[in-house]
Amino acid sequence: MAKKIRAVVTLQLPAGKATPAPPVGTVLGPHGINLVEFTKTYNEKTADKVGQVIPAQVTVFEDRSFTFVLRTPPAADLLRKAAGLEKGASTPKRESVGRVTRDQIREIANIKMADLNAGDPDAAARQIEGTARSMGIEVIG
Amino acid sequence: MAEEDGTSAEGTWLELAVTADLEAVEAVSEILSRVASGGVSVEPAFELLHEGLDARVDPARPAIVRGYLPGRDRLAARRAVAAAREGLGHLQAFGLRPIGELQTRVVHESDWASAWKRHFPVLRVGRRVVIRPTWRRHRRQRGEVVLALDPGMAFGTGLHPTTRLCLAGIERWADDGRLTAESRVLDVGCGSGILAIAAGLFGAGHILGLDPDPIAVEATAANAKRNGLAARLHVRRGSLPSREAPVDFVLANLIASLVVDLAAGFAREMRPGGRLLASGIFVDREADVRRAFKTAGLTPSGRWVEGEWVALEATARSEGSPLQSSGGR
């Protein structure tokens, strides 16, 4: 089918538990796509990952049909897991809540490489490191 | 601030939006997700490729990251905005490229599950085809062919020119008396099933839809049932060859490159004198498609245009007719 693209948007949603409420409704609704069908399909595809945040990259076509692919979990989730944390620091400039090694940063950068739009692995690692530090996670090694 | 912009009202949401360099998107998403429990969205700038059939994120332009807070608790919303602003303020200190200011706006509660439906009116195509979204009412007028369709993920809602060109073509076949209860129709890349269903409603007796996408197969089967065509319209996952008996009509609302690749395959599916309706052809690819038709022994017999899109009808050689110059099948 001649699927001419109208918009591309990524939604970071709770796996298995998405609803048509914001951000789904506010972001996808104006494109006129069937929100119930989106959330139903997303929840089916992510049912085995409940508890994680799984991004869906949605492509909306000109006739308001759509498709989506699941992406790698957000860097923040992978960093929390690597550091053994529940959440980030509320005052990251003053407070350190955990640590990750440079090897872990590189590992996360590798996992996320395809989704980061980074030019090279070093640029991807810099993004992950910046995210870690903004969460109050110290980078060591 | 929350008071001014109305977030104290029940049934409103406060949208937090930040324009961010792609390098900072992960960090900004994390900061917004601390306060927006339902999740965040990232809208990257993208450039269209291959005449709009593909898209690539443009790394040189920023993305917009959004999160939403329920507006019912004014104090909590105010605190959340302050926390997000503080987190964003620290980002530059962590070596990430600059980002825009945090913007807020109030979004009023809506029936999220059904608001999208207003984009799908009852649609008239050609002279007689009416596409009726399943939740809308329509009083059938004499001579109208009404398709009940539930728009979903599968392509083919009737809103795109390529689909409309095909529907009009099917209507012409019916008007010419070509579509009968004996007609065999093959819909290649059936999507929502809209074309196969139109052929069925115009009287075709035996219809097969093929699509490599299981979502499309499911959508076609559901829409066929909805239109009372389950007995005459069959659908399965796959592409050519169909391994079925030759058909009178092939419908192919695809893209030009696929039409070119499949031209010989279409010809093999058609009985002598059978007709192909190929759509989804961007106007500047028409010559390529015509060349492929010639090679496959298909003779152009009709051309229709809407905007930048072309639909071509081609007829398979009748038995005993001379071979085309460049070989054919």
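Residues numbered from 1 in each chain as written. Chains lettered and ligands numbered in written order. Predicted model: local features only at pLDDT ≥ 70, side-chain atom pairs only at ≥ 80, totals over all residues. Heavy atoms only, no water.

A. Representation of the overall build of chain A within the structure. A tally of regular secondary structure across chain A gives five helices and five strands. Across chain A, helices and strands are ordered from the amino to the carboxyl terminus as β-α-α-β-β-α-β-α-α-β. If one aligns the C-alpha atoms of chain A with their principal axes, the spans along those axes are about 50 × 30 × 25 Å. Looking at chain A as a whole, 56% of its 141 residues qualify as buried. Summed over its atoms, the accessible surface of chain A is roughly 5,900 Å², and 47% of this surface lies on carbon and sulfur atoms. When the 20 positive and 15 negative side-chain charges of chain A are each reduced to one mean point, those points stand 4 Å apart. (Helix = DSSP H or I, 4+ residues; strand = E, 2+ residues; numbered from the N terminus. Buried < 20%, exposed > 50% of the residue type's maximum accessible area, 1.4 Å probe, protein only. Areas by Shrake-Rupley, 256 points an atom, 1.4 Å probe, with all protein chains shown as cover. Lys, Arg positive; Asp, Glu negative; His and termini not counted. Charge placed at Lys NZ, Arg CZ, Asp CG, Glu CD.)

B. Representation of the sheet that holds strand β3 (residues 66–70) of chain A within the structure. Reading across from one edge, β3(A)-β2(A)-β1(A)-β2(B)-β5(B)-β1(B)-β6(B) is the order of the seven strands in this open sheet, with antiparallel pairing throughout. Two strands in the sheet have a free side with no partner beyond their single neighbour: β3 of chain A together with β6 (103–108) of chain B. Adjacent strand axes in the sheet meet at a mean angle of 25 degrees, parallel and antiparallel pairs treated alike. With four bridges joining them, strand β2 (residues 40–43) of chain B and strand β5 (residues 63–70) of chain B adopt antiparallel strand pairing. Opposite E43(B), over in β5(B), you have I64(B) as the bridge partner. In this fold helix α1 (residues 25–35) of chain B packs onto β1 (5–14) of chain A together with β1 (12–20), β2 and β5 of chain B, with an angle of close to 5 degrees to the strand it touches most, β5(B). (Pairing = 2+ DSSP bridges. Axes fitted to C-alpha atoms, helices over the stretch in contact; angles between N-to-C directions. Contact = heavy atoms within 4.5 Å.)

C. Seen up close, helix α5 (residues 214–226) of chain B. Residues and elements named next belong to chain B. An ideal rise of 1.5 Å per residue puts 18 Å on 13 residues; α5 measures up with 18 Å between its terminal C-alpha atoms. Buried within α5 we find A216, V217, T220, N223 and A224. On an axial view of α5, the arc spanned by its buried residues comes to 140 degrees, and they lie on one face. Exposed and facing more than 90 degrees away from the buried side of α5 are E218 and K225. The secondary structure elements touched by the buried residues of α5 are β9 (145–149), α4 (194–201), β11 (206–211) and β12 (233–237). A side-chain oxygen of the first residue of α5 lies 2.9 Å from the backbone nitrogen of I215; this N-cap is D213. Phi turns positive one or two residues past the end of α5, at G228, with a value near 70 degrees. (Expected span 1.5 Å × (residues − 1). Arc of directions from axis to C-beta. Polar contact = N/O pair within 3.5 Å; in protein donor to acceptor, adjacent residues only side chain to side chain.)

D. Structural view of the interface of chain B and chain A. Across the contact, 59 residues belong to chain B and 56 residues belong to chain A. Interface of chain B and chain A: buried area, both sides summed, is about 4,900 Å²; carbon and sulfur atoms make up 62% of it. Per-residue buried area on chain B facing chain A is highest for E26(B), F94(B) and M153(B); these three make up 17% of the total on that side. The salt bridge partner of E26(B) is K112(A), with a shortest N-O separation of 3.1 Å. Taken together, the elements giving at least two residues each to the side of chain B that touches chain A come down to α1, β2, β3 (46–49), β4 (54–57), α2 (74–90) and β14 (270–282) of chain B. If one sorts the elements of the side of chain B that touches chain A by residue count, α1(B) sits on top with six residues. The residue inventory of the side of chain B that touches chain A, partitioned by class, reads 33 nonpolar, 16 polar and ten charged. Across three bridges, β1(A) lies against β2(B) in antiparallel orientation. Looking at the pairing, L11(A) lines up with S41(B) of β2(B). (Buried area = accessible area lost by both parts, 1.4 Å probe. Salt bridge = Lys/Arg side-chain N within 4 Å of Asp/Glu carboxyl O. Nonpolar A, V, L, I, M, F, W, Y, C, P; charged D, E, K, R; others polar.)

E. Here's a closer look at the side chain of D77(A). All names here are of chain A. With respect to the helices, strands and loops of the structure, D77 is situated in helix α3 (residues 75–83). Overall, the relative accessible area of 18% leaves D77 in the buried class. In terms of polar contacts, D77 uses its side chain to reach the backbone amide nitrogen of V53, at 3.4 Å. Setting aside its immediate chain neighbours within four residues, D77 contacts Q52 and V53.

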